[in-house]
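Breakdown of the fold
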Amino acid sequence: MPNPITAPFPATRMRRLKRSAALRGLAQENVLTVQDLIWPVFVMDGEDAQTPVPSMPGVARLTVDHVVEAAREAHDLGIPAICLFPYTDPKLKTQGCEEAWSRDNLSNRATRAIKAAVPDIAVMTDVALDPYNINGHDGIVRDGVIVNDESVEALVKMALAQAEAGADILGPSDMMDGRIGAMRTALEAAGHQDVAILSYAAKYASAFYGPFRDAVGASGALVGDKKTYQMNPANSDEALRLVGRDLAEGADMVMVKPGLPYLDICRRVKDQFGAPTYAYQVSGEYAMIMGAGAQGWINEEQVMMESLIAFKRAGCDGILTYFAPRVARLLRG
Ligand SMILES: NCc1[nH]cc(CCC(=O)O)c1CC(=O)O
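The model shown is predicted, which means the values in this text are computed figures rather than measured ones. Sequence positions are assigned chain by chain, starting from 1 and proceeding in written order. Since the coordinates come from a predicted model, pLDDT governs what is reported: local features require at least 70, and pairs of side-chain atoms require 80 or more to be given and counted, while whole-chain, interface and lining totals use all residues. In computing side-chain properties, one takes all heavy atoms of the structure into account and sets aside hydrogens as well as water.

Some points on the environment of isoleucine 298
When you line up the elements, isoleucine 298 lands in the loop between α9 (283–295) and α10 (300–313). C-alpha separation for the pair isoleucine 298 and glutamate 29, spaced 269 residues apart in sequence, amounts to 25 Å. Every residue pair with non-hydrogen atoms within 4.5 Å of one another is taken to be in contact. Beyond its immediate chain neighbours, meaning those up to four positions away, isoleucine 298 contacts Ile289, Ala292, Gly293 and Val303. Secondary structure elements follow DSSP: runs of H or I of four or more residues count as helices, runs of E of two or more count as strands, with numbering from the N terminus.

Section: the pairing of strand β1 (residues 37–44)
The element β1 is largely enclosed, with a buried count of eight among its eight residues. Burial along β1 is two-sided: Leu37, Trp39, Val41 and Val43 facing one way and Ile38, Pro40, Phe42 and Met44 facing the other are all buried. Only strands that DSSP links by at least two bridges are regarded as paired with each other. Sheet topology places β1 next to strand β12 (residues 318–321); two bridges connect them, and they run parallel. Bridging from a neighbouring strand, leucine 37 pairs with isoleucine 319 of β12. For every residue, the accessible area obtained with a 1.4 Å probe (protein chains only) is divided by the maximum for its type, and the residue is called buried under 20%, exposed over 50%, and partly exposed between those limits.

Regarding the UniProt feature "active site" (unreviewed entry) in the protein
UniProt positions are given in the numbering used here, feature names are shortened, and annotations may be inferred rather than shown by experiment. Feature annotation in UniProt places "active site" (unreviewed entry) on Lys203 and Lys257, given in this structure's numbering. Taken together, the annotated residues stretch across 55 residues yet fold into one region, lying no more than 4.9 Å apart by C-alpha. Tracing the chain through its elements places lysine 257 in strand β10 (residues 253–257). Not counting the four nearest positions on each side in its chain, lysine 257 is found in contact with Tyr200, Ala202, Lys203, Tyr204, Tyr209, Tyr280 and Val282.

Describing the environment of arginine 245
By the element assignment, arginine 245 lies in helix α7 (residues 237–248). Between the C-alpha atoms of arginine 245 and isoleucine 298, which are 53 residues apart in sequence, the distance is 40 Å. Engagement of the side chain of arginine 245 in a polar contact is seen with the side chain of aspartate 177, the distance being 2.7 Å. We define a polar contact as two N or O atoms separated by no more than 3.5 Å, with the added condition that, inside protein, one atom must be a possible hydrogen donor and the other a possible acceptor, whereas residues neighbouring each other in sequence contribute only through side-chain atom pairs.

Considerations on α7
Quick reminder: α-helices carry 3.6 residues per turn. Residues three or four places apart thus point the same way. In this analysis, the expected span of each helix is defined as 1.5 Å times one less than the number of residues it contains. With 12 residues, α7 extends 17 Å from end C-alpha to end C-alpha; this agrees with the ideal 16 Å at 1.5 Å per step. Inspection of α7 places Ala239, Leu240, Leu242, Val243 and Asp246 among the buried residues, and these make up the whole buried set. The buried side chains of α7 occupy one side of the element, clustering within an arc of 165° when seen end-on. Seen from the buried face of α7, the exposed residues on the opposite side, beyond 90 degrees, are Asp237, Arg241 and Ala248. Looking at the buried residues of α7, the elements they touch are α5 (179–189), β9 (196–203), β10 and α8 (263–273). Phi turns positive, to about 115°, at glycine 250, one or two residues after α7. Directions from the helix axis toward the C-beta atoms define the arc.

Below is the structure:
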């Protein structure tokens, strides 16, 4: 830790370096660049269509052809990665979640289409059963219980299908125990040794996910809550145990989620492990900024940029944010 030596006033005047934009720039400690951004997008079935998500103004579900265009746009802007979330036809949701590892499910079709058209953008996928689960849970439900080990087997099949489709980064967001090690072993055995895992390691049971669940059509489906696998928002040491565990099982990158209310966790994780650390500025955070902005209660663009530099200050190497293309355009000037 640096130990700044400060002469007594007036030798030290902290305002000297605030006097002009030039001096403030020189003294700036952290920067946000387009390379820090991962853009989450919602994919739906059909052709040449977009459906706005009401609780996320400016965000729409896109058909695969539009997702490819979005990926092209993101790549042209310099955004390194796009993250896919499928809106699954309710008819395809089952107790066993079989659609999750179907070769041609929506997510895998979108991955293939993007990798064919825009090979240089990294495609990240979501490994969790909720879009395919009739109960809306991230794991398989038996007699009202989310069963861990059987869920991990299903998640491994899902991860392999995503790797097969060409995903560059797998994002297990399910919070089952043992899934990172199981996925890593299976990926190695199947010749996918170069597929990266960005573990949603410290994922809290959060009400900030509300608009996302609307976007992927999981709100109505969810029976109960996710507190038996996602973290208690009151906990902090537990986040370090989870991150340490996932890194020890072979995660390449780790995530804290939600973002802004959990910056203390980002900082602790970065300090303790020094691993590539990401935060997810989730749907509810986005909705709050957009909602207050639309009311004229805050300056939306300034709050957006301030919220993102806060992640950098907290030690994050990157941020998943629905603002990604807007920020990229702003940074390009
Ligand atoms: N596995 C589900 C998943 N993956 C990403 C999010 C939330 C993202 C957001 O709110 O923006 C969720 C929701 C949940 O856990 O219920």
